[in-house]
2 protein chains.
Amino acid sequence: MKNTPTIILVRPQMGENIGATARAMANCGMKDLSLVAPRDGWPDERATTMAAGAFEHMNEVRIFETVTEAVSDCQKVYATTARRRDLVKPVFIPDQVMEDIVNRPEESTAILFGAERTGLTNEELSMSDALMTIPLNSDFSSLNLAQAVLVVAYEWSKQSINAPQINLDYGDSIPVSKDKLHEFLERLDEELENGHFFRNPDMKPAMVNNIHAMFTRAQLSDQEVRTLHGMVSALIRKKAKKEAK
Amino acid sequence: MKNTPTIILVRPQMGENIGATARAMANCGMKDLSLVAPRDGWPDERATTMAAGAFEHMNEVRIFETVTEAVSDCQKVYATTARRRDLVKPVFIPDQVMEDIVNRPEESTAILFGAERTGLTNEELSMSDALMTIPLNSDFSSLNLAQAVLVVAYEWSKQSINAPQINLDYGDSIPVSKDKLHEFLERLDEELENGHFFRNPDMKPAMVNNIHAMFTRAQLSDQEVRTLHGMVSALIRKKAKKEAK
């Protein structure tokens with residue numbers, strides 16, 4: 001299997017949890033771990049100790065400042081969350097996610113895990129393609145970060161062992177990379193601002209999240225994002241011309 | 001599911017591992033834990049601390065001197081082992097075991113886990129009906145006792161707890177009706193035409209189809225379509241005002 005998903009820990013607090021995550025990943029043959037703004041920096045001695053040699057079985061850990069940077073070379077991003085959110089997004093359980101990943105070997109995928117207590121922000125969830133939740137006893141759910149990764153990594157190992165080698169034909173287009181999608185969304189936000197779309201400044205962050213969620217959910221292709229750029233250009237065209245006068 | 005398997009820890013050494021096992025079980029809705037000859041006796045304060053309340057969600061822990069006594073009221077016993085043995089026995093992976101258990105609701109089943117380092121004796125394995133092994137990366141396998149129980153308990157929970165379907169959580173909103181979606185798409189087409197988006201008339205039908213496909217694929221909510229109307233209005237705003245003069 002060429003394409004194994006990248007696990008991204010967002011703002012992890014405890015080095016021990018990073019090490020235990022690496023162990024869970026290496027146990028299941030996963031190799032790519034990224035960290036976004038680890039609280040205690042990197043490298044972290046406690047992570048190394050807890051990893052018990054796991055890092056030697058993996059690719060080098062990559063460190064980023066923001067989630068946006070961490071997912072820039074990905075085509076599909078799943079966000080792990082235990083809580084119900086107001087965002088309209090598909091919700092999958094881990095084995096469904098892994099089946100999806102295994103069936104799309106050409107796509108580069110990442111799975112986000114939030115910080116130990118606080119999880120992921122609504123903004124981070126809105127920029128993800130889908131949510132993943134681990135179904136647990138609703139009366140008692142206390143999985144820690146590394147245990148959640150273990151469940152997900154184990155599902156990965158099961159699927160990848162049995163994975164058929166499939167090459168999908170994407171035609172002339174490919175799923176858009178996150179950096180190109182983000183570039184479009186930033187432009188859209190800006191043009192909407194120019195058009196006084198965000199009348200209430202307090203509401204703007206939620207509105208932006210909802211708009212980003214819509215376009216992320218559509219799983220756009222490279223070509224479609226170019227089309228959307230053209231659509232925005234067309235919609236603002238006369239306005240720009242008149243302003244130029 | 002009437003018949004949930006009993007987890008039996010055989011000669012567990014560390015109270016912490018017993019507590020963590022209880023947590024993994026309670027997370028996944030399993031209720032029956034038995035201990036065979038726990039090294040430090042029972043109750044164990046470190047187990048209680050590590051369990052973080054898990055025991056309150058379970059039936060009372062049962063204590064036995066021997067495996068034979070512990071399995072006396074069971075009809076089927078699986079023995080967990082990481083190692084190859086000389087015994088000729090069927091070997092299953094956890095999801096196969098759980099499928100088997102679910103398909104035999106009248107049978108009372110137990111799953112044995114050996115001590116932290118030494119595992120189960122050959123005698124204990126020979127008394128079991130089948131072996132269960134957790135498939136891991138053969139170059140790096142370091143699951144501890146409670147993590148192994150977690151993987152098994154999670155497989156159980158997938159069978160017994162209603163997993164969320166693949167569906168969207170629309171919050172307060174509802175999926176948009178097709179007439180409202182089409183109304184929006186017609187308006188969008190018209191505004192794009194006004195902005196000279198469709199430069200090549202021969203290409204227009206295909207472009208319109210692609211645009212409609214994008215927005216249909218996003219499975220928009222009622223509220224989101226209202227938002228999209230507002231976005232189009234914002235993008236064309238100045239243009240419309242200037243034309244009205």
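The rules behind each value
Residues numbered from 1 in each chain as written. Chains lettered and ligands numbered in written order. Predicted model: local features only at pLDDT ≥ 70, side-chain atom pairs only at ≥ 80, totals over all residues. Heavy atoms only, no water. Helix = DSSP H or I, 4+ residues; strand = E, 2+ residues; numbered from the N terminus. Buried < 20%, exposed > 50% of the residue type's maximum accessible area, 1.4 Å probe, protein only. Contact = heavy atoms within 4.5 Å. Buried area = accessible area lost by both parts, 1.4 Å probe. Salt bridge = Lys/Arg side-chain N within 4 Å of Asp/Glu carboxyl O. Polar contact = N/O pair within 3.5 Å; in protein donor to acceptor, adjacent residues only side chain to side chain. Pairing = 2+ DSSP bridges.

**Concerning the side chain of Lys-178 of chain A**
All names here are of chain A.
At step 1: Topologically, Lys-178 is positioned in helix α7 (residues 178–194).
At step 2: Looking at Lys-178, the relative accessible area reads 2%, which means it is buried.
At step 3: In contact with Lys-178, not counting residues within four places along its chain, are Val-71, Ser-72, Cys-74, Gln-75, Lys-76, Val-77, Asp-129 and Thr-216.

**What to know about the interface of chain B and chain A**
It is common to give the size of an interface as the accessible area that goes away when the parts come together.
At step 1: With 65 residues of chain B at the interface, the matching set in chain A holds 69 residues.
At step 2: Together chain B and chain A conceal approximately 5,900 Å² of surface at their shared face, both sides included; 62% is due to carbon and sulfur atoms.
At step 3: Between chain B and chain A we count 4 salt bridges in total.
At step 4: In this structure, Lys-158 of chain A and Glu-155 of chain B form a salt bridge, with 2.5 Å as the shortest nitrogen-oxygen distance.
At step 5: In this structure, the connection of chain B to chain A is made through 16 residue pairs in polar contact (both at pLDDT 80 or more).
At step 6: Counting only elements with at least two residues in the side of chain B that touches chain A, the list comes to α1 (15–27), α4 (94–102), α6 (145–160), β8 (167–168), α7 (178–194), α8 (204–217) and α9 (222–244) of chain B.
At step 7: In terms of residue count, the dominant contributor to the side of chain B that touches chain A is α9 of chain B (13 residues).

**Quick word on the sheet that holds strand β3 (residues 62–64) of chain B**
All names here are of chain B.
At step 1: As summarised here, the arrangement of the 7 strands in space is β3-β2-β1-β6-β4-β7-β5, forming an open sheet in which the pairing is parallel. Only two strands of the sheet have a single partner each, and these edge strands are β3 and β5 (91–92).
At step 2: Bridging between strand β1 (residues 6–10) and strand β6 (residues 109–113) involves 4 bridges; their strand directions are parallel. Its bridge partner lying in β6, Ile-7 is registered against Ile-111.

**Quick word on the environment of Asn-59 of chain A**
Residue and element names in this part refer to chain A.
At step 1: Summarising the element assignment, Asn-59 is placed in the loop between α2 (45–51) and β3 (62–64).
At step 2: The exposure class assigned to Asn-59 is partly exposed, which follows from its relative accessible area of 39%.
At step 3: Separated by 27 residues in the primary sequence, Asn-59 and Asp-32 place their C-alpha atoms 5.8 Å from one another.
At step 4: If near-sequence neighbours (up to four positions away) are discounted, Asn-59 is found in contact with Lys-31 and Asp-32.
At step 5: A polar atom in the side chain of Asn-59 sits 2.8 Å from the side chain of Asp-32.

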